[in-house]
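Structural overview for review
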Amino acid sequence: MRTTVSVIKADIGSVAGHVVVHPDTIATATRVLAEAKAKGVIFDFYVTNAGDDLELIMTHRKGVDSPEVHEVAWTAFKEAAKVARELGLYAAGQDLLSDAFSGNVRGLGPGVAEMEFYERPSEPIAVFMADKTEPGAFNLPMFKIFADPFNTAGLVIDPKLHAGFRFEVYDVFEGKSVLMNSPEEMYDILALIGTPGRYIVRRIYRRLDDEIAAVVSVERLSLIAGRYVGKDDPVAVVRAQAGFPAIGEILEAFAFPHLVAGWMRGSHHGPLMPVPQRYSRCTRFDGPPRLVGLGFQVRNSKLIGPVDLFDDPAFDETRRLAQRIADYVRRHGPFMPHRLGPEEMEYTTLPEVLEKLKDRFIKIEGATKAAEPKLKTDLLSRETKEGD
Ligand SMILES: [Mg+2]
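Given the structure is predicted, the values throughout are model-derived calculations rather than measurements.

For the rest of this paragraph, the subject is the overall build of the chain. Looking only at helices and strands, one finds 11 helices and 15 strands in the chain. In terms of overall size, the chain behaves like a compact globule, its C-alpha atoms giving a radius of gyration of 21 Å where 388 residues would be expected to give roughly 21 Å. The dimensions of the chain, computed from C-alpha atoms along their principal axes, are 75 × 55 × 40 Å. Taking all 388 residues of the chain together, 47% fall into the buried category.

This is the structure we're talking about:
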């Protein structure tokens, strides 16, 4: 039998602004999932939170994109949002963009990371859940885990990893994806995923046998809704050990608190700080962006665990560095590169402010007008002129 791990998340309301989910909404989602488990729709589950995001970690045997399993998640979010509204929680129901469920939560607001596999005799997995950032935040660590031999020793010394990994890179603007092989196409992979607001590492496969190794949620709410509706706090599932990177190699990639987009109003760059679950509450300037990691063993489609992966003093220096970076970037206030660039700000409330100023500009005689700029993120469709 093949087991499916489904991690589905949504922000359905939180306490004191965007800080943390309420225990009653966790309890409500837990009840819905317990009923689904009793009915045999899912085999096991673990409900938790990353800051203001409600996270449903489920195991079952119905494959990815199962309408039954997605309906369970949708019902859990709907019921929890009802409680959130009763309690007057902030942004109650925020991520549920539609009332009509038609078999899949994709496109309705929740973020989804699912993978199906034959369980190995021992099947360790890591589930990562971030708050106050976007799916592209996983680009850098995923590259390090699966393509950087300075991070992952197994790429050099383990014959099963030595053939490399295949990256599926998803273009969120076009809804297209491309498969690329590491190590040969490493530089091409980087040419894309270095633009994390557009090109997102969606799935990674082991090239030796095409086994699924990792999956990341790629839903971008603002692109679905066409307006700012909160950041698309992502989730990811990574398989570990015995033919995959070791847990320690996976976690090593997060020892560097790299800059990600998100933070206050989803409009600022800040360091991604890995924290124990108990510190998954974004307070300073609604951040800095947090990452929680839970480790499980999957056995007969059940979840054994979790272990709180970043609850370790070995990550204290990473957190300290993240705080120093936070101090440094915060002093830029409303200036880029702390504030996001104009193409990312298009989905926020900034254009409304700029609209007001548009008629106050006066033409300067003799001034030259720059050629119409192409959208900066539109790298692939850019026309290349000779000598360009
Ligand atoms: Mg959130």
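Let us look at helix α6 (residues 186-193). Within α6, burial applies to Ile189, Leu192 and Ile193. One side of α6 holds all its buried residues, which, seen down the axis, span an arc of 85°. Contact partners of the buried residues in α6: α3 (139-147), β6 (165-171), β7 (176-182) and β8 (199-206).

A separate point is the environment of isoleucine 42. Inspection of the secondary structure assignment puts isoleucine 42 in the loop between α1 (23-38) and β2 (44-50). When the C-alpha positions of isoleucine 42 and serine 301 are compared, they lie 9.0 Å apart, and in sequence the two are 259 residues distant. Those residues in contact with isoleucine 42, other than ones at most four positions away along the chain, are Leu33, Ala36, Lys37, Met58, Thr59, His60, Val69 and Val72.

Okay, the confidence of the model for the chain next. Here the chain shows a mean pLDDT of 92. Residues at 70 or above account for 94%. Below a pLDDT of 50 lies the segment residues 382-388, which in the model reaches one contact outside its immediate sequence neighbourhood of four places, other chains included.

Further remarks concern the packing of α1 against helix α2 (residues 67-86). Interaxial distance between α1 and α2 falls to 8 Å at its minimum, and their mutual angle equals 150°. With respect to their mutual orientation, α1 and α2 come out roughly antiparallel. Like other packed secondary-structure pairs, α1 and α2 cross with a definite hand, here right-handed. Residues Asp24, Thr25, Thr28, Ala29, Val32, Leu33 and Ala36 of α1 form the contact with α2, whose own contacting residues are Val72, Thr75, Ala76, Glu79, Ala80, Val83 and Ala84.

Taken in spatial order, the four strands line up as β2-β3-β1-β4 in an open sheet, and their pairing is antiparallel. In this open sheet, the two strands that pair with only one neighbour each are β2 and β4 (111-118). Along the sheet, successive strands turn relative to each other by an average axial angle of 15°, direction set aside. For strand β1 (residues 2-10) and β4, the ladder comprises eight bridges, and the chain directions are antiparallel. The residue of β4 that forms the bridge with arginine 2 is tyrosine 118. The sheet strands contacting α1 are β2 and β3 (53-60), and the helix crosses β2 at an angle near 165°.

With that out of the way, let us pick up the nonpolar core. Membership of the largest hydrophobic core comes to 94 residues, with the highest contact counts inside it found for Leu33, Leu56, Phe77, Val127, Val216, Ala236 and Val237. For this core, the element with the most residues is α2, which contributes nine residues. Excluding residues that lie within four positions of it along the chain, phenylalanine 77 makes contacts with Ala10, Ile12, Leu54, Leu96 and Pro110.

Parameters and conventions
Residues numbered from 1 in each chain as written. Predicted model: local features only at pLDDT ≥ 70, side-chain atom pairs only at ≥ 80, totals over all residues. Helix = DSSP H or I, 4+ residues; strand = E, 2+ residues; numbered from the N terminus. Rg over C-alpha atoms; globule rule 2.2 N^0.38 Å. Buried ≥ 20, exposed ≤ 12 C-beta atoms within 10 Å, placed from the backbone. Arc of directions from axis to C-beta. Contact = placed C-beta atoms within 7 Å. pLDDT = per-residue confidence, 0-100. Axes fitted to C-alpha atoms, helices over the stretch in contact; angles between N-to-C directions. Parallel < 35°, antiparallel > 145°, perpendicular 65-115°, else oblique. Left-handed = near helix turned anticlockwise from the far one by under 90°. Pairing = 2+ DSSP bridges. Core = buried A, V, L, I, M, F, W, Y, C linked by C-beta atoms within 7 Å.

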